[in-house]
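Architecture and fold: a report
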Amino acid sequence: MKLLKDILYGVSLSAVSGDTNVMINNVHFDSREVAMDDVFVAVRGTITDGHKYIQKAVELGAKAVVCEELPDILVNGVTYLKVADSNSALAVLASNFYDNPSKNLKLVGITGTNGKTTVSTLLYNLFKKAGYKVGLISTIKIMVDNQEYKTSHTTPDVLTINQRLAQMNEEGVEFCFMEVSSHGIHQKRSEGLHFAGAIFTNLSHDHLDYHKNFAEYRDTKKKLFDALPKSAFALTNLDDKNGKVMLQNTKARKQTYALKTYADYRAQILEEQFNGQLLKIDDNELWSKLIGDFNAYNLLAIYATADLLGLEKMETLKLISELENVDGRFQYFISKEKITAIVDYAHTPDALKNVLVTINALRTGNENVITVVGCGGDRDKSKRPVMGHIASEMSNQAIFTSDNPRTESPTTIIEEMEAGVEPQNTRKVLSIENRKQAIKTACKLALANDIILVAGKGHETYQETDGVRVDFDDFKEVKEALEGLGK
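Keep in mind it's a predicted model, so treat the numbers as computed, not measured. (Residues numbered from 1 in each chain as written. Predicted model: local features only at pLDDT ≥ 70, side-chain atom pairs only at ≥ 80, totals over all residues. Heavy atoms only, no water.)

Focus: the overall build of the protein
A tally of regular secondary structure across the protein gives 15 helices and 26 strands. Rg of the C-alpha trace for the protein: 24 Å, near the compact-globule value of 23 Å for 487 residues, within the 12% margin. For the protein, the C-alpha atoms occupy an extent of roughly 75 × 50 × 40 Å along the three principal directions. Looking at the 487 residues of the protein, the share that counts as buried comes to 56%. Contacts in the protein between residues at least 24 apart in sequence constitute 64% of all its contacts with a sequence separation of at least 6. A total of about 20,800 Å² of accessible surface is found on the protein, and carbon and sulfur atoms cover 47% of it. Charge centroids of the protein, computed over 57 positive and 65 negative side chains, lie 2 Å from each other. (Helix = DSSP H or I, 4+ residues; strand = E, 2+ residues; numbered from the N terminus. Rg over C-alpha atoms; globule rule 2.2 N^0.38 Å. Buried < 20%, exposed > 50% of the residue type's maximum accessible area, 1.4 Å probe, protein only. Contact = heavy atoms within 4.5 Å. Areas by Shrake-Rupley, 256 points an atom, 1.4 Å probe, with all protein chains shown as cover. Lys, Arg positive; Asp, Glu negative; His and termini not counted. Charge placed at Lys NZ, Arg CZ, Asp CG, Glu CD.)

See below:
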């Protein structure tokens, strides 16, 4: 148990009713989890408002309530604390409750539209190979050194983050690499954390259903860098026009990386094949199993970060050459019929274009590229016609299908993708709502040496419709379909 006034350190209070010199058991923002002697933080969410559940939390035994609006009836024996922003208060409370665990390790945040999962996961893998105890907080999973935990958000809630960071402290973890999404920053999930560094990968069209416009999306990402202390490093992709913006107000040590312009860290692609690429980094050549310009940027960011964290450069280059693709990121196999199938998480216009540019650069010109792609429901609608245009323009055959339609009509989503197809490309487009059938059709259409790209879901192993998730794994589906052709 902790003393309430101790975990309130750093929280800006506008009103207090009750005693702060009391012992509390736990902190929650979900009223259903509240138990005797807990603190309940009433947070205004995108779906519901926690203020509606204050009474329920008190009935369940909450000893203290943190809220932006005090309830009309204050219960004797319960401490009520009014704040301007419950999300910010929750972040500070969570960090204090778990004894500020981020200060006891080197925490590096990775933000950007694309590349967050690849960079964070490969940094985790590289530092593990280098012999360190390492943590990872990513879209795919949370790792406390060797212990794995599943996660459902790019940036988990602040209580989960601090709980896992505290576990990392107990396990003697020295470094932790954490994806930081724009949603997470906006909802203050990264507040109260002490970052040793931050990485900006790139910025393109995404999440404009959540953010009002692109400028707000960019400026939300920038807040991660604005909050960095002088002791941290701020590493940014200088080839992205938004790279310099991230560094404008940061107190941290400014570092840059690029493939096309002068920067602190530079790389060059010397040779590229389906099984890897030859890179030149700091005048040293290395062979990587990861291909594409986007992965060259990812690997350069990893190299720069390792250097900034004190790893020896030649050891880092050796370890980079041993890194494997992250699940669902340009994950491929070649069937007996010599058909190449690639599964990639590309769910933004820029990511889809990058993958198709890479595929087309590796073609001899005789093979066909068949792209299976959809767009998620209840998400940014403006990118749907753009995705439809890119897939149809850059493929010999595009198949539009479902990709987590959620509460929207899959037919409507596909029609909005079709709206972006130019007249000369309409003959190249098929629309098959059932994703399994769409993948099967792509496999039946493919001939020897053709390339199938299944884009959008990557590592995800489910399809979500009307709040219900059913098992669905793109890599498994395309592999089974191609093996079935062989039989």
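Section: the sheet that holds strand β24 (residues 451-455)
Pairing within the open sheet is mixed, and its six strands lie in the order β19-β20-β24-β21-β22-β23. Two strands in the sheet have a free side with no partner beyond their single neighbour: β19 (331-334) and β23 (429-431). Averaged over all neighbouring strand pairs, the angle between strand axes comes to 15 degrees, with direction disregarded. Note: strand β20 (residues 340-344) against β24, five bridges, orientation parallel. Within β24, the position partnered with isoleucine 342 by the bridge is leucine 453. Across the sheet, helix α12 (residues 384-394) touches β21 (369-373), β22 (397-400) and β23, and the angle it forms with β22 is around 150 degrees. (Pairing = 2+ DSSP bridges. Axes fitted to C-alpha atoms, helices over the stretch in contact; angles between N-to-C directions.)

Focus on the confidence of the model for the protein
Mean pLDDT over the protein stands at 94; residues scoring 70 or higher make up 97%. A low-confidence stretch, residues 207-211 stays under pLDDT 50, and its non-local contacts, those more than four residues away or across chains, total 22 contacts. (pLDDT = per-residue confidence, 0-100.)

Some points on helix α13 (residues 410-418)
Within the span of α13, buried status applies to Pro410, Ile413, Ile414 and Met417. In a view along the axis of α13, the buried residues occupy a sector of 95 degrees, so they form one face of it. (Arc of directions from axis to C-beta.)

A look at the sheet that holds strand β2 (residues 13-17)
Ordered by their spatial adjacency, five strands build an open sheet running β2-β7-β6-β5-β4, and the pairing between neighbours is mixed. In this open sheet, the two strands that pair with only one neighbour each are β2 and β4 (27-28). In this structure, strand β6 (residues 64-67) lies alongside strand β7 (residues 79-83), joined through four bridges in parallel fashion. From the neighbouring strand, valine 65 faces β7, where its bridge partner is tyrosine 80. In the packing of helix α3 (residues 86-97) onto the sheet, the strands contacted are β4, β5 (39-41), β6 and β7, and the crossing angle to β6 comes to about 135 degrees.

Things to note about the pattern of salt bridges
Side chains bearing opposite charge may pair, as long as their charged atoms lie close to each other. Taken as a whole, this structure holds 24 salt bridges when the rule is applied. In this structure, lysine 222 and aspartate 226 form a salt bridge, with 3.0 Å as the shortest nitrogen-oxygen distance. Pair noted here: lysine 222 and aspartate 226 are both in helix α7 (residues 214-226), with a separation of four residues, about one helical turn. Looking at lysine 222, the relative accessible area reads 7%, which means it is buried. Under the relative-accessibility criterion, aspartate 226 is labelled partly exposed at 25%. A single salt-bridge network, built from bridges that share partners, covers Arg44, Asp49, Glu68 and Glu69. (Salt bridge = Lys/Arg side-chain N within 4 Å of Asp/Glu carboxyl O.)

Focus on unusual backbone geometry
In most cases, non-glycine residues show a negative phi, while peptide bonds are predominantly trans. For asparagine 404, which is not glycine, the phi dihedral falls at a positive 50 degrees. Relative to the assigned elements, asparagine 404 resides in the loop between β22 and α13. Phi is positive for asparagine 449, close to 75 degrees, though the residue is something other than glycine.

Examining the pairing of β20
In terms of residue burial, β20 counts as a mostly covered element, since five of its five residues are buried. Neither face of β20 is exposed, since Thr340, Ile342 and Asp344 on one face and Ala341 and Val343 on the opposite face are all buried. By the bridge criterion, four bridges tie β19 to β20 in an arrangement that is antiparallel. From the neighbouring strand, phenylalanine 333 faces β20, where its bridge partner is alanine 341.

Focus on the packing of aromatic side chains
Per the counting criterion, the structure on display carries nine aromatic pairs. Taking 5.9 Å as the distance between ring centres and 45 degrees as the angle between the ring planes, the aromatic pair formed by phenylalanine 127 and tyrosine 132 counts as tilted. On the basis of an interplanar angle of 80 degrees and a centroid distance of 6.1 Å, the ring pair of tyrosine 265 and tyrosine 303 is categorised as edge-to-face. With a gap of 38 residues between them, tyrosine 265 in strand β16 (residues 265-273) and tyrosine 303 in helix α9 (residues 293-308) connect regions that are remote in the sequence. Look at tyrosine 265 and you get buried, because its relative accessible area is 6%. On the accessibility criterion, tyrosine 303 (1% relative accessible area) is buried. Through a chain of ring-to-ring contacts, three or more aromatic side chains come together here, namely Phe127, Tyr132, Phe175 and Phe177. Between the NZ or CZ atom of arginine 164 and the centre of the ring of tyrosine 149, over which it lies, the distance is 3.7 Å. Directly above the ring of tyrosine 462 sits arginine 469, whose terminal nitrogen or CZ lies 3.8 Å from the centroid. (Phe/Tyr/Trp six-rings, centres within 6.5 Å; stacked < 30°, edge-to-face > 60°. Lys NZ or Arg CZ within 6 Å of the ring centre and 35° of its normal.)

Observations concerning the side chain of threonine 250
Residue placement: threonine 250 occurs in the loop between α8 (243-247) and β15 (253-258). Within the structure, the side chain of threonine 250 is placed 2.8 Å from the backbone oxygen of phenylalanine 225, a separation counted as a polar contact. With residues up to four places along the chain from it excluded, the contact list for threonine 250 reads Phe225, Asp226, Leu228 and Ala234. (Polar contact = N/O pair within 3.5 Å; in protein donor to acceptor, adjacent residues only side chain to side chain.)

Quick word on the packing of helix α4 (residues 116-129) against α9
The interhelical angle for the contact between α4 and α9, taken along N-to-C directions, is 45 degrees, at an axis separation of 10 Å. Comparing their axes, α9 and α4 come out oblique. Handedness of the α4/α9 crossing: right-handed. Of the residues in α9, those touching α4 at Thr118, Val119, Leu122, Leu123, Leu126 and Phe127 are Asn295, Asn298, Leu299, Ile302, Thr305 and Ala306. Class assignment of the residues belonging to the contact of α4 with α9 gives a composition of eight nonpolar, four polar and no charged. (Parallel < 35°, antiparallel > 145°, perpendicular 65-115°, else oblique. Left-handed = near helix turned anticlockwise from the far one by under 90°. Nonpolar A, V, L, I, M, F, W, Y, C, P; charged D, E, K, R; others polar.)

Quick word on the environment of lysine 230
As for its placement among the helices and strands, lysine 230 is situated in the loop between α7 and β14 (233-237). Relative accessible area serves as the criterion here: at 69%, lysine 230 is assigned to the exposed category. Counting along the chain gives 34 residues from lysine 230 to alanine 196, while the straight-line C-alpha distance between them is 9.4 Å. Not counting residues up to four positions away in its chain, the partners in contact with lysine 230 are Lys251, Ala252 and Arg253.

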